[in-house]
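Next come the chains, spelled out residue by residue.
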Amino acid sequence: MSHLDHTPSTPGKFKIDKSPYYSRTRWHSSAAKLTLWSFLFVALIFLFFYRSPSSSSNNPPSSDPSRRYLASTTWSGAAWEKRVRTSARIRSRNGFSVLVTGAAGFVGTHVSSALKRRGDGVLGIDNFNDYYDPTLKRARQALLERSGVLIVEGDINDVALLKKLFDMVPFTHVMHLAAQAGVRYAMQNPGSYVHSNIAGFVSLLEVCKDANPQPAIVWASSSSVYGLNTKVPFSEKDRTDQPASLYAATKKAGEEIAHTYNHIYGLSLTGLRFFTVYGPWGRPDMAYFFFTKDILKGKSIPIFEAANHGTVARDFTYIDDIVKGCLGSLDTAQKSTGSGGKKKGPAQLRVFNLGNTSPVPVTDLVSILERLLKVKAKRNVMKLPRNGDVPYTHANISYAQKEFGYKPTTDLQTGLKKFVRWYLSYYGDKKAVVR
Ligand SMILES: O=C(O)[C@H]1O[C@H](OP(=O)(O)OP(=O)(O)OC[C@H]2O[C@@H](n3ccc(=O)[nH]c3=O)[C@H](O)[C@@H]2O)[C@H](O)[C@@H](O)[C@@H]1O
């Protein structure tokens with residue numbers, strides 16, 4: 001006390017008073033100063049921790065300045081914890097308790113809903129970023145809430161939040177679908193791909209490897225990892241060391257990161273290479289979606305063609321087939337072998353193609369849409385820009401077929417019919433507001 005009283009806060013500002021005969025008034029003023037400085041010190045500490053991202057469990061993270069998060073929820077309180085536990089509670093014999101990241105996304109919503117329907121416990125997490133219209137994500141969230149799935153608003157880079165969720169729920173599985181998607185957007189916002197697909201994945205794996213029990217993880221890779229590979233159909237054994245976009249490179253990096261966490265910590269990891277997934281509640285940034293919107297508005301649509309008027313085609317895969325592939329992967333995922341950060345034995349490491357096995361030219365996709373919408377498209381055919389797109393994708397699915405009987409059953413015509421029906425009922429007269 002006396003030491004603090006007599007030590008200047010700023011060296012050289014005061015002289016230390018060494019007199020033993022200090023007056024009562026002087027003691028009072030020193031005590032007042034001490035109180036003032038202590039108060040300021042505590043206030044500074046409070047401010048530091050309040051603003052620090054690492055302590056953000058009660059606040060949405062803002063670590064990616066290029067992204068606007070719309071979260072405002074607090075992650076605490078008995079009522080909130082009860083909702084988390086209720087959502088994650090298993091309701092069937094031998095059911096799973098699954099943390100679904102990116103649950104308000106297109107694939108995340110469908111997978112969460114299918115898991116819940118069969119009696120698994122499901123807890124979602126999503127940061128509701130504005131890469132595309134967040135109101136669509138909110139509508140998916142409302143849909144899931146009605147079936148008893150809670151989506152926690154938060155970012156997978158928030159380790160404190162993830163830890164908190166694992167402390168509350170001993171998840172048996174993680175279905176990791178949170179990602180920065182889209183091939184062409186990677187040239188506009190490269191940082192968001194590193195933030196979500198690399199840093200976010202690592203932060204999730206860090207928490208999973210420390211968890212006890214460790215969950216088995218199934219996660220979304222992408223057909224884009226085949227990049228400039230020309231051998232068709234694409235097999236999991238083909239080379240994937242020539243990504244054509246930063247998006248593809250981050251997904252490929254994810255596959256290598258998965259290998260590392262499997263090797264060091266015994267995490268069971270399954271990567272799914274999705275092939276151009278489409279369907280109801282889809283992503284507005286994808287061609288089939290914004291073509292629909294623009295055809296209806298009478299706007300021209302850019303249709304890419306390869307060199308020498310070559311065809312650009314995709315192995316378009318309907319969402320219900322993808323959901324079957326996700327559930328089949330979860331059902332055949334073996335347990336992780338480690339616990340609390342220590343490996344106890346070798347663990348499963350897999351990668352599967354999930355495609356439709358019948359590529360369709362983009363021009364045919366447009367023709368199908370024209371018939372379904374009964375509107376002629378204004379086609380603006382142009383050379384495939386150098387933006388990371390590849391001319392052709394085609395999945396060999398024999399590995400997934402062998403492991404869990406994966407067999408896609410929906411052709412593009414049938415799938416697009418379901419999409420268009422959903423689109424018209426969802427947007428109705430609100431077409432103009434689709435971003
Ligand atoms: O399969 C995948 O792994 C990837 O599938 C899609 O990527 P992409 O196939 O490029 O899907 P779209 O953006 O919907 O494009 C579909 C086709 O339309 C073509 N396209 C796209 C945009 C456009 O304006 N015009 C056009 O002709 C593309 O070249 C492509 O052949 C997703 O956007 C990725 O997130 C996903 O990882």
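Keep in mind it's a predicted model, so treat the numbers as computed, not measured. (Residues numbered from 1 in each chain as written. Predicted model: local features only at pLDDT ≥ 70, side-chain atom pairs only at ≥ 80, totals over all residues. Heavy atoms only, no water.)

J.: Go over the environment of tryptophan 281, please, and point to the residues and values.
T.: On the secondary structure map, tryptophan 281 appears in the loop between strand 7 (277-278) and helix 9 (287-297). When near neighbours in sequence (up to four residues on either side) are disregarded, tryptophan 281 contacts Phe106, His110, Leu136, Ala139, Arg140, Leu143, Trp422 and Tyr426. (Helix = DSSP H or I, 4+ residues; strand = E, 2+ residues; numbered from the N terminus. Contact = heavy atoms within 4.5 Å.)

J.: Which residues make up the site of the ligand, and what values go with them?
T.: As a structural note, the neighbourhood of the ligand is formed by 24 residues, with Arg184, Ser222, Ser223, Tyr247 and Pro302 the closest of them. With respect to the ligand, the side chain of arginine 184 contributes an N or O atom lying 2.4 Å from an oxygen atom. With respect to the ligand, the side chain of arginine 314 contributes an N or O atom lying 2.8 Å from an oxygen atom. For the ligand, whose accessible area on its own is 690 Å², the fraction buried by protein is 95%. (Near = heavy atom within 4 Å. Polar contact = N/O pair within 3.5 Å; in protein donor to acceptor, adjacent residues only side chain to side chain. Areas by Shrake-Rupley, 256 points an atom, 1.4 Å probe, with all protein chains shown as cover.)

J.: Run through the state of the cysteines, naming residues and quoting values.
T.: In the structure shown here, the tally under the stated rule is zero disulfides. Here cysteine 208 is not disulfide-linked; the sulfur of cysteine 326 is the nearest cysteine sulfur, at 17 Å. Classification of cysteine 208 as buried rests on a relative accessible area of 0%. (Disulfide = S-S within 2.5 Å. Buried < 20%, exposed > 50% of the residue type's maximum accessible area, 1.4 Å probe, protein only.)

J.: Talk me through the pattern of salt bridges; I want residue IDs and the actual numbers.
T.: Scanning the entire structure with this criterion turns up 19 salt bridges. The residue lysine 252 makes a salt bridge to glutamate 256 at a minimum N-O spacing of 2.9 Å. Taken together, the residues span about one helical turn, with lysine 252 and glutamate 256 both in helix 8 (residues 246-265) at a distance of four residues. The class for lysine 252 is buried, based on a relative accessible area of 18%. In this structure glutamate 256 comes out as partly exposed when scored by relative accessible area, which is 41%. A salt bridge links arginine 283 to aspartate 285, with the nearest nitrogen and oxygen atoms 2.8 Å apart. For aspartate 285, a relative accessible area of 19% corresponds to the buried category. Residues joined in a network through salt bridges with shared partners are Arg118, Asp120 and Asp331. (Salt bridge = Lys/Arg side-chain N within 4 Å of Asp/Glu carboxyl O.)

J.: Requested: an account of helix 11 (residues 362-373), with residues and values cited.
T.: Here helix 11 spans 16 Å end to end across 12 residues, near enough to the 16 Å set by a 1.5 Å rise per residue. Of the residues making up helix 11, those classed as buried are Val362, Leu365, Val366, Ile368, Leu369, Glu370, Leu372 and Leu373. Residues of helix 11 that are buried make contact with helix 9, strand 8 (300-305), strand 9 (313-314), strand 12 (360-361), strand 13 (378-383) and helix 13 (412-427). After helix 11 finishes, the residue lysine 374 shows a positive phi value of roughly 55°. (Expected span 1.5 Å × (residues − 1).)

J.: Describe the UniProt feature "domain: NAD-dependent epimerase/dehydratase" (unreviewed entry) in the protein chain, with residues and values.
T.: Mapped onto this structure's residue numbering, the UniProt feature "domain: NAD-dependent epimerase/dehydratase" (unreviewed entry) falls at residues 98-333. For the annotated span residues 98-333, helix accounts for 43% and strand for 18% of the residues, and the straight-line distance between the end C-alpha atoms is 13 Å. (UniProt positions renumbered as here; feature names shortened; annotations may be inferred.)

J.: Which residues make up the packing of helix 4 (residues 106-117) against helix 10 (residues 319-332), and what values do they have?
T.: Between helix 4 and helix 10, the least distance of the axes is 10 Å, while the angle of their chain directions is 60°. On the basis of the axis angle, helix 4 is oblique to helix 10. As for how helix 4 packs across helix 10, the hand of that crossing is right-handed. In this structure, helix 4 contributes Phe106, Val107, His110, Val111, Ala114 and Leu115 to the contact, and helix 10 contributes Ile319, Ile322, Val323, Cys326, Leu327 and Leu330. Tallied by class, the residues present in the contact of helix 4 with helix 10 amount to 11 nonpolar, one polar and no charged. (Axes fitted to C-alpha atoms, helices over the stretch in contact; angles between N-to-C directions. Parallel < 35°, antiparallel > 145°, perpendicular 65-115°, else oblique. Left-handed = near helix turned anticlockwise from the far one by under 90°. Nonpolar A, V, L, I, M, F, W, Y, C, P; charged D, E, K, R; others polar.)

J.: Tell me about unusual backbone geometry, and please be specific about residues and values.
T.: Here asparagine 212 and proline 213 are connected by a cis peptide whose omega angle stands at 5°. Here proline 213 shows up in the loop between helix 7 (190-210) and strand 5 (216-222). Its identity as a non-glycine residue notwithstanding, threonine 357 has a phi of 70°, on the positive side. Positionally, threonine 357 belongs in the loop between strand 11 (349-354) and strand 12.

J.: Break down the pairing of strand 2 (residues 121-126) for me, with residues and values.
T.: A large share of strand 2 lies buried, amounting to six of its six residues. Of the two faces of strand 2, both are covered, the one formed by Gly121, Leu123 and Ile125 as well as the one formed by Val122, Gly124 and Asp126. Where strand 1 (residues 97-101) meets strand 2, five bridges bridge the pair, whose relative direction is parallel. Within the sheet, the bridge partner assigned to valine 98 lies in strand 2 and is valine 122. With helix 4 bridging strand 1 and the parallel strand 2, this β-α-β connection has right-handed handedness. Here strand 2 runs beside strand 3 (residues 150-153); their pairing, made up of four bridges, is parallel. Directly across from leucine 123, in strand 3, lies its bridge partner leucine 150. (Pairing = 2+ DSSP bridges. Right-handed = clockwise from strand over helix to strand, strands pointing away.)

J.: Could you give an account of the side chain of aspartate 120, naming the residues involved and the relevant values?
T.: Tracing the backbone shows aspartate 120 in the loop between helix 4 and strand 2. Among the polar contacts listed, one links the side chain of aspartate 120 to the side chain of arginine 118, at a separation of 2.7 Å. Apart from the residues within four sequence positions on either side, aspartate 120 is in contact with Arg89, Ser92, Gly95, Phe96 and Leu115.

J.: Before we move on, could you go through the sheet that holds strand 4 (residues 173-176) and cite the residues and values that matter?
T.: Backbone-to-backbone hydrogen bonds join strands into a sheet, with any given pair of strands oriented parallel or antiparallel. Read across the sheet, seven strands follow the order 3-2-1-4-5-6-11 without closing on themselves; strand pairing throughout is parallel. Single-partner strands in this sheet number two, and they are strand 3 and strand 11. Averaged over all adjacent pairs, the angle separating strand axes in this sheet is 20°, with direction ignored. Docked against the sheet, helix 6 (residues 159-168) engages strand 1, strand 2, strand 3 and strand 4, running at close to 170° with respect to strand 2.

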